[in-house]
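Here is how the chains run, residue by residue.
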Amino acid sequence: MTENELQDYADRCAAELDRKQDLLRKTYGLGGFDEYGLDLEKGMLHFDKAGERACRFSTVLIGSLAPVSKNWLWGWANESLSITIRERASRLKGLYDKTGFDIFRAGTFKADGNLARELSALAVDFLGAAGIYRVPGGDDQGQNIQIYLALFPAG
């Protein structure tokens, strides 16, 4: 794949992700819940409203973005996580096979929010996911690290 072909693919995936996110909002009310619960080990995310469980998703950890240091870390490369979580995320290494670009096999690199969303859009397409959800994680010089999850409806 050439750089232009990769950009075209990324643009298509980003447009499709916008459509999928709209569908998640309309179908599940994503963005309108009182609270959520995430079990990364089990790969499960749930949303509650008025104390009741509203919906559940299975997840794959795409990666995380440290907003101040501007570091992207693929989920499969995050050695602070269990092997179970990293193995689920390791399917994303296939993006290198699909595109031939080293960014998909480098564990970490410099990135910003726009690139993180673009990488997430490519991951959603590659995995056949329903969309993404972003949750706060650890600390990056006083700001929350952003964790990007691929979502799959689980009932």
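Just above, that's the structure.
Residues numbered from 1 in each chain as written. Predicted model: local features only at pLDDT ≥ 70, side-chain atom pairs only at ≥ 80, totals over all residues. Heavy atoms only, no water.

Visitor: Give a description of the overall build of the protein chain that names residues and reports values.
Guide: A tally of regular secondary structure across the protein chain gives four helices and seven strands. Secondary structure of the protein chain in N-to-C order comes out as α-β-β-β-β-α-α-β-α-β-β. Here the C-alpha radius of gyration of the protein chain, 15 Å, is about what a compact globule of 155 residues would show, namely 15 Å. Put simply, the protein chain has 155 residues, and 41% of those count as buried. Pairs at least 24 residues apart make up 59% of the contacts formed inside the protein chain by residues separated by at least 6 positions. When the accessible surface of the protein chain is summed, it comes to about 8100 Å², and 47% of that surface belongs to carbon and sulfur atoms. Looking at the protein chain, you have 19 positive and 22 negative side-chain charges, and the mean spots of the two groups are 3 Å apart. (Helix = DSSP H or I, 4+ residues; strand = E, 2+ residues; numbered from the N terminus. Rg over C-alpha atoms; globule rule 2.2 N^0.38 Å. Buried < 20%, exposed > 50% of the residue type's maximum accessible area, 1.4 Å probe, protein only. Contact = heavy atoms within 4.5 Å. Areas by Shrake-Rupley, 256 points an atom, 1.4 Å probe, with all protein chains shown as cover. Lys, Arg positive; Asp, Glu negative; His and termini not counted. Charge placed at Lys NZ, Arg CZ, Asp CG, Glu CD.)

Visitor: Residues and numbers for helix H1 (residues 3-28), please.
Guide: In an α-helix, one turn spans 3.6 residues, which is why side chains three or four residues apart end up on the same side. For H1, built from 26 residues, the straight-helix expectation of 38 Å at 1.5 Å per residue is met to within 8% by its first-to-last C-alpha distance of 36 Å. Along H1, the positions that sit buried rather than exposed are Leu 6, Tyr 9, Ala 10, Cys 13, Leu 17, Lys 20, Gln 21 and Leu 24. (Expected span 1.5 Å × (residues − 1).)

Visitor: Account for the environment of Gly 75, with residues named and values stated.
Guide: Mapped onto the elements of the fold, Gly 75 is located in the loop between strand E4 (71-74) and helix H2 (83-89). By relative accessible area, Gly 75 is classed as buried at 1%. Sequence-wise, Gly 75 and Ser 90 are 15 residues apart; in three dimensions their C-alpha atoms are separated by 7.6 Å. Those residues in contact with Gly 75 that lie beyond four places of it in its chain are Leu 61, Ile 62, Gly 63, Leu 81, Arg 86 and Ala 89.

Visitor: Now, about the nonpolar core: what can you tell me, with residues and values included?
Guide: One finds Ile 62, Trp 72, Trp 74 and Leu 92 to be the most contacted residues of the largest nonpolar core, which totals 30 residues. Looking at this core, the elements that each hand over two or more residues are H1, strand E3 (52-66), E4, helix H4 (113-127) and strand E7 (143-153). The dominant element in this core, judged by the number of residues it contributes, is H4, at seven residues. (Core = buried A, V, L, I, M, F, W, Y, C linked by side-chain atoms within 4.5 Å.)

Visitor: Give a description of the pattern of salt bridges that names residues and reports values.
Guide: Oppositely charged side chains can pair when the atoms bearing their charge come close. Applying the stated criterion across every chain, the model contains four salt bridges. One salt bridge in this structure joins Arg 19 and Glu 16, with 2.5 Å as the shortest N-O distance. Of the two residues, Arg 19 and Glu 16 both sit in helix H1, three residues apart, roughly one turn of that helix. Among the residues examined, Glu 16 registers a relative accessible area of 29% and is labelled partly exposed. Ionic pairing is found between Asp 102 and Arg 105, a salt bridge with its closest N-O pair at 2.9 Å. (Salt bridge = Lys/Arg side-chain N within 4 Å of Asp/Glu carboxyl O.)

Visitor: Could you give an account of the pairing of E3, naming the residues involved and the relevant values?
Guide: Of the pairings in the sheet, the one linking strand E2 (residues 44-49) to E3 comprises six bridges and is antiparallel in character. Among the inter-strand pairings, Phe 47 is bridged to a residue of E3, identified as Cys 55. Hairpin connection of E2 to E3: two residues between the antiparallel strands, including Ala 50 at a positive phi of 55°. (Pairing = 2+ DSSP bridges.)

Nothing here speaks to function; it is geometry throughout.
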